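Structural features, examined
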Amino acid sequence: MQPTSRHWSARLPFYYGWFIVGIAFVTMAIGVTGRTSFSLLLPPLIDEFKWDRGLAAGAFSFGFLVSAILSPFVGRVVDARGPRILILIGVVLMSAGLMLAPYVTSPWQLYATLGLAVGGGANMMTYTVHSQFLPHWFVRRRGLAISIAFAGAGVGAVLLLPWLQTIIVTEGWRASCVAMGWLVLLGIAPLALFVRKGPADVGQNPDGDRASPGMLAARRAAITDHAWAATEWSLRRAMRTARFWWLSLGYFLALVAWYAIQVHQTTYLVEIGFAPLTAAWALGAVSIIGIPGQILLGALSDRVGREWIWTAGCLGFALAYAALIGLEHWPSPALLYFMVFAQGFLGYALTSVMGPIVAEIFEGPHYGSIFGAISVSLIVGGAVGPWMAGAIHDETGSYRPAFLLIIGFCLVSMMAIWIAGPRKIRPVQGRARPS
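About the thresholds
- Residues numbered from 1 in each chain as written.
- Predicted model: local features only at pLDDT ≥ 70, side-chain atom pairs only at ≥ 80, totals over all residues.
- Heavy atoms only, no water.
- Axes fitted to C-alpha atoms, helices over the stretch in contact; angles between N-to-C directions.
- Helix = DSSP H or I, 4+ residues; strand = E, 2+ residues; numbered from the N terminus.
- Parallel < 35°, antiparallel > 145°, perpendicular 65-115°, else oblique.
- Left-handed = near helix turned anticlockwise from the far one by under 90°.
- Contact = heavy atoms within 4.5 Å.
- Nonpolar A, V, L, I, M, F, W, Y, C, P; charged D, E, K, R; others polar.
- Buried < 20%, exposed > 50% of the residue type's maximum accessible area, 1.4 Å probe, protein only.
- Expected span 1.5 Å × (residues − 1).
- Salt bridge = Lys/Arg side-chain N within 4 Å of Asp/Glu carboxyl O.

**Things to note about the packing of helix H2 (residues 38-49) against helix H8 (residues 152-171)**
- With their axes 10 Å apart at the nearest point, H2 and H8 run at an angle of 15° to one another. Taken together, the axes of H2 and H8 lie roughly parallel to each other. Pair H2 / H8 crosses with right-handed handedness. Where H2 approaches H8, its residues Leu 40, Leu 41 and Pro 44 are matched on the opposing element by Leu 161, Leu 164, Gln 165 and Ile 168.
- Its residues assigned to classes, the contact of H2 with H8 shows six nonpolar, one polar and no charged.

Dropping the structure here:
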């Protein structure tokens with residue numbers, strides 16, 4: 001529809017949606033790193049308190065489980081009130097959790113601070129929430145825009161993880177928590193005030209296009225299943241479809257793979273003989289190589305389809321786990337570099353298509369609620385992964401059984417997204433055919 005009010009964004013020399021992408025980039029850089037830093041904190045926590053590895057890693061999982069419970073509510077808030085209020089609440093939660101963490105003396109306090117507060121706060125301002133509103137801003141360049149926004153997580157890791165590791169080595173893990181807490185509060189909160197839910201809120205159209213009969217006709221032509229696309233999908237109606245549950249399964253299994261390796265990778269590499277700084281470098285390097293991977297593969301998804309990029313991402317994680325198993329027996333730099341490449345360049349590309357996959361199947365006024373519900377399985381997967389890998393290690397004395405199991409999860413996740421088939425509803429621009 002033609003904009004009816006003039007917003008200050010109309011005076012910008014570029015589309016306001018790209019400003020939203022820039023805000024998301026910074027928010028992801030700081031917010032995701034605030035949660036990812038748990039991997040660096042885990043070794044000194046275990047060393048100081050002598051807790052079982054599964055118990056300590058369980059704090060990370062606990063935060064994800066609470067986020068899963070909140071996720072459907074978060075989706076409804078995005079639909080009704082927009083994302084800004086949620087991002088600000090997330091900032092308060094995460095910064096409070098990080099600043100209170102230095103006073104931890106018992107497991108329940110660890111679970112309340114670095115688990116509940118940091119995990120819940122991250123849920124309200126990182127991947128889950130941004131995936132619920134960024135797709136509204138773009139249609140033709142949806143994959144590219146989201147991949148740029150989410151590449152912020154990689155840049156944040158490159159810049160902040162080595163900084164945090166240096167603080168841990170020189171001043172202790174408590175000082176690093178306080179420093180990160182202040183960065184979350186001062187770096188994200190002011191920017192969140194400029195966030196809007198969609199282009200209509202500033203009197204614009206998706207991609208910054210001018211409304212015209214040709215634009216509307218092109219978007220109608222890019223629909224394969226007109227009956228499905230014409231349905232107003234409520235959460236209840238969506239949950240009655242097989243596609244909803246295939247998406248949930250695919251997202252659950254992929255996030256098991258993602259967060260199990262993210263939380264345990266540093267500890268595992270140290271355990272098999274790598275120096276702590278080398279292990280920390282590997283975690284940061286994954287994020288470095290993930291930056292071009294997310295952007296290039298996210299843009300490619302606008303041409304070849306979301307399913308192909310999901311397949312590449314799952315294959316990347318499967319290869320990374322296989323490389324980690326190999327490093328136990330052949331700890332060569334070449335194999336370590338391969339693990340970093342597979343996990344970062346391929347695996348991290350999953351984030352660029354998580355939102356678009358759901359948006360292209362269940363586009364409509366209730367998209368936020370539907371994605372919020374699907375995010376329950378996504379978040380539970382992120383919670384189960386670290387706990388499962390830690391528990392299997394505690395039981396068997398090795399990460400190998402967990403890594404082999406997760407490789408199988410990656411293969412099933414690929415299959416689930418192909419069955420859900422967003423290409424069967426709204427093919428991407430590069431695959432759409434005129435009607």
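**Concerning the environment of Phe 133**
- With respect to the element layout, Phe 133 can be found in helix H6 (residues 127-137).
- Residue Phe 133 is classed as buried on the basis of its relative accessible area, which comes to 1%.
- In the structure, Phe 133 is positioned 54 residues away from Asp 79 in sequence and 8.8 Å away in space, judged by C-alpha atoms.
- Each residue touching Phe 133, except ones within four places of it in the same chain, is listed here: Ile 20, Pro 83, Val 195, Arg 196 and Lys 197.

**A short note on helix H9 (residues 173-192)**
- The end-to-end C-alpha distance of H9, which contains 20 residues, comes to 28 Å, matching closely the 28 Å that a straight helix rising 1.5 Å per residue would cover.
- Turning to H9, its buried residues number three or more, namely Trp 173, Ser 176, Cys 177, Met 180, Gly 181, Val 184, Gly 187, Ile 188, Ala 189 and Ala 192.
- In this structure, the buried side of H9 is in contact with helix H1 (16-36), H2, helix H4 (84-100), helix H5 (107-123) and H8.

**Quick look at the pattern of salt bridges**
- Inspection of every chain in the model, using the stated rule, returns 11 salt bridges.
- The salt bridge partner of Arg 423 is Glu 307, with a shortest N-O separation of 3.0 Å. With a gap of 116 residues between them, Arg 423 in the segment after helix H19 (400-420) and Glu 307 in helix H15 (residues 306-329) connect regions that are remote in the sequence.
- Across the pair Glu 363 and Arg 426 runs a salt bridge whose closest N-O atoms are separated by 4.0 Å. Residue Glu 363 is found in the loop between helix H17 (350-362) and helix H18 (367-396), and its partner Arg 426 is found in the segment after H19; the two are separated by 63 residues along the sequence.

Distances and angles like these do not, on their own, reveal function.
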